[in-house]
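As a plain string of letters, each chain reads:
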Amino acid sequence: IAEQCVAAARQSNDVDARMEAHLLNGIVSCVTGEFVAAQRELDACVRIHGAEPREAHRVLYGQDAKASALGWIAMARWTCGQSDEALAIAEEGLAFVRDARQPFLLARGLAAVGFVRVFRGDPQGPGSPLVEAIALCAEQGFKYFHAVVSAFHGASLAQSGRAAEGVAQMQANVI
């Protein structure tokens, strides 16, 4: 279906649809373990998007395709052994949405940085991107994403030697 979306978007000549189709195809490739193909698709999304924010796209699709793609690229790069590059790319995605009007864009950007830091085993203290994302999700009522970010925060706590607290964090946020 993701590949069909890319083909349909190419035929329609709709730039926003092409970005979203490449994003979708990249995400599908990522979650099926095809990390090199994922990066190609996600890079295409970022390239089509360009350097400037696209407010109309953000409103129409409820997300920022570039920031989302950068978050997924970061996770793919980490999986391919490029840990430092992964963190830099996640931070680039966060910087791109730091001033966005939609709170979910910021929550997603913060989470991407936090996820990569968990993958890397980096210690994360009270002011970490995950803690900031959790607070934003709670404030805005993003229940599902709150649970996802809380699971990563729990993993981070466990990594830092606070396993019981980490497990409690995960269990408290099951939806």
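The rules behind these values
Residues numbered from 1 in each chain as written. Predicted model: local features only at pLDDT ≥ 70, side-chain atom pairs only at ≥ 80, totals over all residues. Heavy atoms only, no water. 1 Å grid on protein atoms, 1.4 Å probe; cavity = no way out; pocket = protein on both sides within 12 Å on 5 of 7 lines; lining within 4 Å. Points joined across faces, edges and corners; volume = space filled by probe spheres on them. Helix = DSSP H or I, 4+ residues; strand = E, 2+ residues; numbered from the N terminus. Nonpolar A, V, L, I, M, F, W, Y, C, P; charged D, E, K, R; others polar. Salt bridge = Lys/Arg side-chain N within 4 Å of Asp/Glu carboxyl O. Buried < 20%, exposed > 50% of the residue type's maximum accessible area, 1.4 Å probe, protein only. Polar contact = N/O pair within 3.5 Å; in protein donor to acceptor, adjacent residues only side chain to side chain. Contact = heavy atoms within 4.5 Å. Axes fitted to C-alpha atoms, helices over the stretch in contact; angles between N-to-C directions. Parallel < 35°, antiparallel > 145°, perpendicular 65-115°, else oblique. Left-handed = near helix turned anticlockwise from the far one by under 90°.

1. So, the layout of surface pockets
Taken as a whole, the largest pocket holds about 390 Å³ of empty space. Contributing to the lining of the largest pocket are 23 residues, with Trp-72, Met-75, Arg-108, Phe-115 and Phe-145 lying nearest its centre. Listed by contribution, the elements that provide at least two residues to the lining of the largest pocket are helix H5 (65-79), helix H6 (83-97), helix H7 (103-120) and helix H9 (143-159). Element by element, the count of residues in the lining of the largest pocket is highest for H7, at seven residues. Residue composition of the lining of the largest pocket, by class: 16 nonpolar, five polar and two charged.

2. Focus: the pattern of salt bridges
For the structure shown, the criterion picks out nine salt bridges. The salt bridge involving Asp-43 is made with Arg-77; its shortest N-O contact spans 3.6 Å. Highlighted residues: Asp-43 in helix H3 (residues 35-49) and Arg-77 in helix H5, separated in sequence by 34 residues. We classify Asp-43 as partly exposed; its relative accessible area is 28%. The class for Arg-77 is buried, based on a relative accessible area of 11%.

3. Quick word on the side chain of Gln-124
You can see Gln-124 is positioned in the loop between H7 and helix H8 (129-140). Within the structure, Gln-124 has its side chain in polar contact with the backbone oxygen of Gly-114 (distance 3.3 Å). Sequence-distant contacts of Gln-124, defined by excluding residues within four places in its chain, comprise Gly-114, Arg-117, Val-118, Pro-129, Leu-130 and Ser-156.

4. Describing the packing of helix H1 (residues 2-12) against helix H2 (residues 15-31)
With their axes 8 Å apart at the nearest point, H1 and H2 run at an angle of 160° to one another. Taken as axis vectors, H1 and H2 run roughly antiparallel relative to one another. Note that H1 runs across H2; the crossing there is left-handed. On the side of H1, the interface is formed by Ala-2, Glu-3, Cys-5, Val-6, Ala-9 and Arg-10, while H2 contributes Ala-17, Arg-18, Ala-21, His-22, Leu-24, Asn-25 and Val-28.

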